[in-house]
Amino acid sequence: MNTTSLPMGRGTGKKGKPKYQFLSFAIYPVLIPLLYFALRNAPFLEIWNVLHRLRLWQIAALVAINITIYLLVTLRWWIIVRAGNKTIPYFPLVLIRVAVFGISYFTLGPQVGGEPLQVYYLQRKYGMTYTRATSTVIMDKLLEFLANFFLLVIGLTAIIQAGIFSANAGKPLVSLILVAAILLWPFIHITLMVRGIYPIGAALRAAISRSGTPKWIRFIMVSERLAGLFCQRNPGALWMAAGASLAAGAGMIAEYTLITSFLGINLHSWQTVAAWATSWLSFLVPLPGGLGALEASQVFTLGAFEISAALAISVVLLIRARDLLIGGLGLLLASRGVK
């Protein structure tokens with residue numbers, strides 16, 4: 001399969017522009033219900049009461065660390081995109097990442113759903129083909145999941161060290177270990193692609209009939225090959241993007257540490273990481289924003305450390321305040337097409 005001959009045209013012109021205008025208009029019926037669902041049950045009064053307890057410099061510190069996290073997450077994607085097109089600027093992609101979060105946060109699923117916006121933006125703004133744009137998102141997600149694997153291993157270690165689960169609670173530990181094993185797949189996938197082996201394409205070829213290859217399967221296979229070419233031709237960029245992803249993960253742990261510290265919750269290092277890990281895992285539940293799962297995770301985990309349920313809910317409210325603010329801004333950017 002020849003991936004080097006794929007066109008890089010802008011897809012604009014008489015037919016392309018109406019298509020993009022239609023897509024920009026069609027997104028409103030999706031975003032408006034998401035925004036309504038997000039705001040309908042948002043505990044604004046409780047959030048305000050918790051924020052009122054913080055000093056201005058503490059709020060500023062939390063805002064600064066969140067901006068840093070999004071800059072690092074965008075840096076990962078930009079490094080991948082720039083390997084194929086060095087003219088694409090960095091800061092406009094930051095707005096895209098915020099918009100992606102807004103869509104993903106308010107939709108069903110484990111924090112996914114906004115990725116098509118990344119593909120659409122690269123097509124509309126910079127003329128990337130659909131396949132090449134998708135390949136950058138594939139690499140971005142693989143490196144995100146790779147960082148998630150390391151974070152989960154650290155979190156699992158912290159959960160065991162903190163003694164959250166007793167020796168009799170074997171099933172939760174087995175479940176976490178299984179999740180860690182699943183998240184190891186990105187490392188295996190990237191390693192195989194570096195060696196010129198494309199597991200998804202191979203599996204699809206084995207599954208399809210001999211009568212022909214459907215167009216959507218060819219698209220997936222070509223996208224995987226383009227992602228593999230990035231791994232093979234740009235090892236330095238691959239390492240830098242992975243480093244940015246790990247740094248963003250470290251930033252998330254640091255942010256949680258600040259939240260608990262600002263609320264006067266005294267935890268040891270292992271306890272802090274364990275409590276963060278359970279909050280992070282709650283977002284893997286296929287509910288918008290981990291609704292209900294986040295609250296349960298913090299009440300259970302912090303309760304195991306003899307922290308009151310009221311303080312645990314305060315932690316949740318700060319996390320909700322952050323996510324509603326960023327998610328709402330993301331939906332606004334998405335509705336405007338992220339010009």
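What you see is a predicted model; the values in this text were computed from it and never measured. (Residues numbered from 1 in each chain as written. Predicted model: local features only at pLDDT ≥ 70, side-chain atom pairs only at ≥ 80, totals over all residues. Heavy atoms only, no water.)

## Section: the overall build of the chain
Assigned secondary structure in the chain consists of 15 helices and zero strands. Here the chain holds 339 residues, and 49% of them are scored as buried. A sequence separation of at least 24 residues applies to 73% of the contacts in the chain between residues at least 6 apart. Surface accessibility of the chain: about 17100 Å² in total, with carbon and sulfur atoms responsible for 69%. (Helix = DSSP H or I, 4+ residues; strand = E, 2+ residues; numbered from the N terminus. Buried < 20%, exposed > 50% of the residue type's maximum accessible area, 1.4 Å probe, protein only. Contact = heavy atoms within 4.5 Å. Areas by Shrake-Rupley, 256 points an atom, 1.4 Å probe, with all protein chains shown as cover.)

## Brief notes about the packing of aromatic side chains
Taken as a whole and assessed by the stated rule, the structure comprises nine aromatic pairs. For the pair Trp78 and Tyr90, a centre-to-centre distance of 5.5 Å together with 65° between the ring planes defines the contact as edge-to-face. Taken together, the positions of Trp78 in helix α4 (residues 56-82) and Tyr90 in the loop between α4 and α5 (91-105) put the pair 12 residues apart, joining distant regions of the chain. Exposure class is identical for Trp78 and Tyr90. Each is buried. Pairing Trp276 with Trp280 gives two aromatic rings, centres 5.8 Å apart and planes at 15°, and the pair type is stacked. Of this pair, Trp276 and Trp280 both sit in helix α13 (residues 269-282), four residues apart, roughly one helical turn. The pair formed by Trp276 and Trp280 is uniform in burial state, with each residue classed as buried. Through a chain of ring-to-ring contacts, the aromatic side chains of Tyr70, Phe101 and Tyr105 assemble into a single cluster. (Phe/Tyr/Trp six-rings, centres within 6.5 Å; stacked < 30°, edge-to-face > 60°.)

## Overview of the pattern of salt bridges
Taken as a whole, this structure holds eight salt bridges when the rule is applied. Residue Arg76 pairs with Glu144 through a salt bridge whose shortest N-O separation is 3.7 Å. Of this pair, Arg76 sits in helix α4 while Glu144 is found in helix α7 (residues 130-162), placing the two residues 68 residues apart along the sequence. The burial state of Arg76 is the same as that of Glu144; both residues are buried. One network of salt bridges, in which partners are shared, links Arg76, Arg97, Glu115, Asp140, Lys141 and Glu144. (Salt bridge = Lys/Arg side-chain N within 4 Å of Asp/Glu carboxyl O.)

## Comments concerning a nonpolar patch on the surface
Together, Trp185, Phe187 and Ile188 make up a nonpolar patch on the protein surface, roughly 280 Å² of accessible area in all. Tracing the backbone through its elements, the reader meets Trp185 in helix α9 (residues 185-194). (Patch = residues over 30% accessible without salt bridge, like charges linked within 9 Å, V, L, I, M, F, W, Y side chains within 5 Å.)

## Considerations on α7
Between its first and last C-alpha, α7 extends 47 Å over 33 residues, near the 48 Å set by a 1.5 Å rise per residue. In the segment just after α7, Gly163 is the residue with positive phi, at about 70°. (Expected span 1.5 Å × (residues − 1).)

## Let's talk about the packing of helix α14 (residues 293-304) against helix α15 (residues 309-335)
Contact geometry of α14 with α15 gives a least axis separation of 9 Å together with a crossing angle of 140°. The angle between α14 and α15 places the two elements in the oblique class. In this structure, the crossing between α14 and α15 has a hand that is right-handed. Residues Leu294, Glu295, Gln298, Val299 and Leu302 of α14 form the contact with α15, whose own contacting residues are Ala309, Ala312, Ile313, Val315, Val316, Ile319 and Arg320. (Axes fitted to C-alpha atoms, helices over the stretch in contact; angles between N-to-C directions. Parallel < 35°, antiparallel > 145°, perpendicular 65-115°, else oblique. Left-handed = near helix turned anticlockwise from the far one by under 90°.)

## What about helix α11 (residues 215-233)?
With 19 residues, α11 extends 27 Å between its outermost C-alpha atoms, agreeing within 8% with the 27 Å of an ideal straight helix rising 1.5 Å per residue. Within α11 the residues assigned to the buried category are Ile217, Met221, Val222, Ser223, Glu224, Leu226, Ala227, Gly228, Leu229, Phe230 and Cys231.

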